[in-house]
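# Structural overview for review
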Amino acid sequence: MSKKTHVQTEINGEGIEFLCEPRQSLLEVLRDELHLTGAKEGCNNGNCGACTVLMGDRIVNSCIVLGVEAEGEKIETIEGIATSEGLHPIQQKFLEHAALQCGICTPGFIVSSKALLEQNPTPSEEDVRFWLAGNLCRCTGYHKIVEAVMDAAKALNTEVADNA
Amino acid sequence: MPEDKEFKVIGTRPIRHDGIDKVTGRAAYGADIHFPDMLHGKVLRSPYAHARIKSIDISKASSHPAVKCIITSDDLPLVEDTITELGETVINLKYLSDNILASDKALYKGHPVAAVAATDPYAAEEAINMIEVDYEILEPVLDVRQAMEPDAPVLHESLKTESMGKGEDQSQNVASHSQRKHGDLEAGFAAADIIVERDFSTATIHQGYIETHNATAQYNEDGELTVWCSTQGAFGVRDQLSKILKMPVSKIKVVPMEIGGGFGGKVQVYIKPIAALLAMKTRKPVKMTMTRTEVFEGTGPAPGSYIRVKLGADKTGKITAAEAHLIFEAGAYPGSAVGAGSLCIFAPYKIDNLQIDGYDVVLNKPKSSAYRAPGAPNACFASECVIDEICQKLDMDPIEFRLINGAKEGDRRCDGPIYPKIGYLETVEAAQQHGHYAESIDKTPNGKLRGRGVASGFWMNGGGRSSVTINVNADGRINLIEGSTDIGGTRASIAMQAAEVLGLSSEDIMPAVVDTDSVGYTGVTGGSRTTFATGIAAINAAENIRAQMIGVVANHWELKPSDVKFKDGTFLAQKNGEELQMTFKEVAAVAGGPLVGSVTASPGGAGNGFATHIVDLEVDSETGKVDILRYTAIQDVGRAIHPSYAEGQVEGGVAQGVGWALSEGYLYNDEGHMTNASFLDYRMPTSYDLPSIETVLVEVPNPGHPYGVRGAGEVPLVPPLAAIANAVSRAIGVRMTELPMSPDRVLEAMGSI
């Protein structure tokens, strides 16, 4: 076993320190060291998106990011999406539209969708389908996921308009 | 049941009970299990597709400081080479056990040979690479037609072909040959004005669930084994563990965690007995998870197949005779879905003269397992493509052809049963009337080729045993305890049926999927049985509760139970000219203790499922790439309990069908090694590969269920392969007969390469 490295980072708004082996992926650190098991492993080579988290303002597949790369970063995981105010509109719309079946890919889709709507508040269906192509879902055929994300965009825009 | 019956809960779209856990990341799946002192298990797998294991030397690996235990097949109890009942199926125990850890021979690349438990997963991986195995490499056989040749390499020296109960002079790789026939085939073909005969092939493919297999086992000093895992059926896992480990079922507790997809692929056990054995030997919890490559190389794919179909019809479009030969890949051990495929191949049609031969053939690939309507998509791909060709040759509308030949109540299915009330023709009529079919397609816009395809499909649907317990709380909300793992929203579809009986809302029911110690025997979530059979168990348990509550109310009002009526969630009676009434919640409060209703149901009458799909697509004549433009899926679901999740089953089935038709397939090199064992190279459809999928739910209530439910989960995967192949064939003017229809195959068919 190689010597562990000390890493200081921020996860879901909280300062976090952890020790990890240089070979451990961010996903392994989140799940096995910090017990944040919302991000899932589906392929461990960056193809399925079940492990998607936000690192700074980028979405990353945490299975192909090393834990040590989290040093000084701001990480947001599925566990940080809902707040004390309640579910995020994307989460609510996934429930209303039945946009999940087994649910294993759902955390990754929600994190990816949040990043999309932060960058592009009024995506077309084509935009949503293109953006989410990095997340595999084997149950839903994507139809209801796309509907949920489009509807969440609408809800978020209404929220913004109401607050203005 | 009257068709116009008004429902309060059924047909509505409440939020699923497990939804919040699943959108917040809180839902606990098998890989989320963690024990502070747990060990990690890893499997050493055969690097060869076919090899004799001469010896295994574990001495170097044992000296690894982090290694706690190493096992091989010698550590599994010896089991007999006999057929035994397992849950609701039969299986040869020796094959079951040998697939867990190979004994004398490794029969596919990825076949487990040994396993290690170590203090961390990296050490376990290092250690398996230190195990030295001496193999005698044997020639592999990877194609069913080659495996049937007399001089083909033999997988199992002891295997004898079973043919209609007798031995048959076949290659030793043919595990079984079945035949179904009725009528006079020769006369039927003689009466035909047109006959089409073609060969079809489909690739080995995978269910592609996103969650890989996992198992965590713990063995206590009193001999009690607990296994936390991802499975479609905890009781099926318990049965398999009991047989493989030779332990009484009551000593085994299986805890089904949330499951990340299954589609038939999470019924058979793989690493669960290994984790159990490692835990038994180390007396520590042992956790195992598969990598994606292990899932591809070591778990049941859906069988590849070769199918020949010959169909005759007269000038009016009436089918006069049908003949099919289906040859399915069993994989390393007997038991492909060829039987089910043989039942389904011509099932949508009334055919007086037919013969169907099915062959189950072993070869050096992983043991095949179920995948959503197992066998039916392969089979119907062949038959529905031949039907389309006959329609082209007769210049007949394919919907019209199906209306002429479609099976209905009273017609005989190819394997004997007479159809009860079915909704096949209703799906065809709905397709005919749909706006999609009414709108014509422009066949050659911008130099691209467009085509429309139609196909139908059939699946039996299943019943079988399910248990449900309902506890009524003093506040009137109820716990619904069930054994059916929830893969796609069945907590909701089952709870809603109990709610309907009790006049409650879906939110008043709190469903819980529990372990094998905490509920009665329940079959797997599979066979499209769960909303039907566990639903009936829930209805029966709710009726039991309702009867008990009537007793409570009668007692409270000092009346006879027969004086008390129940309507819309309210108990009513008349006493001395006075109208009395109490709500469900008020009765729960006065009951003075918990009310418990426990039921085991084993309903037959599952009600067959039919679907008809329409697809429009575009072929790029330069690249051979196929783009789906529009997809409409019409299905008889009997009664949609939660329409959103019924639609979800259809949409998901279509997406898997698009993958099967266009992009998915195991690629093998000459040594029998899969060369695309990752999600990068095994191409499942993404959101960008698919259009919106329009679903039309037809409701022809199933007389075998109080609310009319038919299974809905499997039949949506049956028509897409043929629908897409028919559309591609019509677009390019060449009949496509091999799946997947990858760009290179399309270009080849067009004569471009």
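Thresholds applied
Residues numbered from 1 in each chain as written. Chains lettered and ligands numbered in written order. Predicted model: local features only at pLDDT ≥ 70, side-chain atom pairs only at ≥ 80, totals over all residues. Helix = DSSP H or I, 4+ residues; strand = E, 2+ residues; numbered from the N terminus. Rg over C-alpha atoms; globule rule 2.2 N^0.38 Å. Buried ≥ 20, exposed ≤ 12 C-beta atoms within 10 Å, placed from the backbone. Contact = placed C-beta atoms within 7 Å. Pairing = 2+ DSSP bridges. Core = buried A, V, L, I, M, F, W, Y, C linked by C-beta atoms within 7 Å. Domains from an automatic or database assignment. Nonpolar A, V, L, I, M, F, W, Y, C, P; charged D, E, K, R; others polar. Axes fitted to C-alpha atoms, helices over the stretch in contact; angles between N-to-C directions. Parallel < 35°, antiparallel > 145°, perpendicular 65-115°, else oblique. Left-handed = near helix turned anticlockwise from the far one by under 90°. pLDDT = per-residue confidence, 0-100.

Next up on the list: the overall build of chain B. Helices and strands together make up the secondary structure of chain B, namely 20 helices and 30 strands. The globule rule puts the C-alpha radius of gyration for 753 residues at 27 Å, and the 27 Å found for chain B is close to it. When the backbone C-alpha atoms are referred to their principal axes, chain B occupies close to 90 × 75 × 55 Å. Considering chain B as a whole, with its 753 residues, one finds that 60% of them fall into the buried category. Residue pairs at least 24 apart in sequence account for 79% of intrachain contacts in chain B once pairs closer than 6 positions are excluded.

Residue and element names in this part refer to chain B. Taken together, three strands build an open sheet; the order of strands is β6-β2-β8 and the sheet is antiparallel. Two strands lie at the open edges of the sheet, namely β6 (105–106) and β8 (132–137), each paired on one side alone. The pairing of strand β2 (residues 51–57) with β6 spans two bridges and is antiparallel. If you follow R52 over to β6, its bridge partner there is K105.

With that out of the way, let us pick up the nonpolar core. Residue and element names in this part refer to chain B. V227, A275, V361, A498, I724 and V728 are the most contacted members of the largest nonpolar core, which totals 297 residues. Broken down by element, this core gets its largest block of residues, 13 residues, from helix α16 (residues 530–557). When near neighbours in sequence (up to four residues on either side) are disregarded, V361 contacts V144, A147, M148, N173, V174, A175, I327, F328, E329 and A330.

Residue and element names in this part refer to chain A. What the domain assignment reports for chain A is domain 1 (5–80) and domain 2 (89–163). Relative to domain 2, the C-alpha centre of domain 1 lies at a distance of 22 Å. Across the boundary between the two partners, domain 1 contributes 13 residues, which contact 11 residues of domain 2. Split into classes, the residues belonging to the side of domain 1 that touches domain 2 amount to eight nonpolar, four polar and one charged.

Residues and elements named next belong to chain B. Contact geometry of helix α12 (residues 398–405) with helix α13 (residues 424–433) gives a least axis separation of 10 Å together with a crossing angle of 155°. Relative to α13, α12 is oriented roughly antiparallel. Pair α12 / α13 crosses with left-handed handedness. Residue-level contacts link I399, R402 and L403 of α12 to L425, V428, A431 and Q432 of α13. Tallied by class, residues from the contact of α12 with α13 come to five nonpolar, one polar and one charged.

On to unusual backbone geometry, then. A cis geometry characterises the amide bond from L739(B) onward to P740(B), with omega recorded as -5°. Positioned with a positive phi, H35(A) is a non-glycine residue whose angle comes to about 60°. Within the element layout of this structure, H35(A) appears in the loop between α1 (26–33) and β3 (52–55). Residue class for H35(A) comes out exposed when judged on the 9 C-beta atoms lying within 10 Å of it.

What follows covers the confidence of the model for chain B. Averaged over all residues, the pLDDT of chain B is 95; the fraction at 70 or higher stands at 98%. Interface predicted TM-score (ipTM) for the complex: 0.98; the corresponding pTM is 0.97.

The subject of this paragraph is the pairing of strand β3 (residues 67–72) of chain B. Residue and element names in this part refer to chain B. With five of its six residues buried, β3 lies for the most part within the structure. Judged from the five bridges that link them, β3 and strand β7 (residues 112–118) form a sheet pairing that is antiparallel. Along β7, the bridge assignment pairs I70 with V116.

Across the contact, 43 residues belong to chain A and 41 residues belong to chain B. For the side of chain A that touches chain B, the secondary-structure elements that each account for two or more residues are α2 (89–96), α3 (106–119), α4 (125–131) and α5 (143–163) of chain A. Among the elements that make up the side of chain A that touches chain B, the one with the highest residue count is α2(A) (four residues). Across the side of chain A that touches chain B, the residue classes tally to 22 nonpolar, 14 polar and seven charged.

The next point concerns the environment of Q649(B). Residues and elements named next belong to chain B. Examined against the element boundaries, Q649 turns out to sit in helix α18 (residues 643–662). Given 29 C-beta atoms within a 10 Å radius, Q649 is considered buried. In the structure, Q649 is positioned 66 residues away from V715 in sequence and 9.3 Å away in space, judged by C-alpha atoms. Setting aside chain neighbours within four positions, we find Q649 in contact with G488, A712, G713 and P716.

Residue and element names in this part refer to chain B. Annotation of chain B at the domain level lists domain 1 (19–27 + 463–601), domain 2 (33–138 + 211–260 + 266–298) and domain 3 (305–461 + 607–749). Computed over C-alpha atoms only, the centres of domain 2 and domain 3 are separated by 36 Å. Taken together, the contact between domain 2 and domain 3 spans 16 residues of the former and 17 residues of the latter. Within the residue set of the side of domain 2 that touches domain 3, elements represented by two or more residues are α3 (93–100) and α9 (292–298). For the side of domain 2 that touches domain 3, the element with the most residues is α9, which contributes five residues.

With that out of the way, let us pick up the sheet that holds strand β25 (residues 570–575) of chain B. All names here are of chain B. Spatially, the three strands line up as an open sheet ordered β24-β25-β26, and their pairing is antiparallel. What marks the edges here is a single partner per strand, and that holds for β24 (565–567) and β26 (578–583). Along the sheet, successive strands turn relative to each other by an average axial angle of 30°, direction set aside. Contacts from α16 reach β24, β25 and β26, with the element oriented near 35° to β25.

Residue and element names in this part refer to chain B. Position of S342 among the secondary structure elements: in helix α10 (residues 338–344). Its 26 C-beta neighbours within 10 Å are what place S342 among the buried residues. Residues S342 and E622 lie 280 residues apart in sequence; the distance between their C-alpha atoms is 38 Å. If near-sequence neighbours (up to four positions away) are discounted, S342 is found in contact with S178, R180, L326, I356 and G358.

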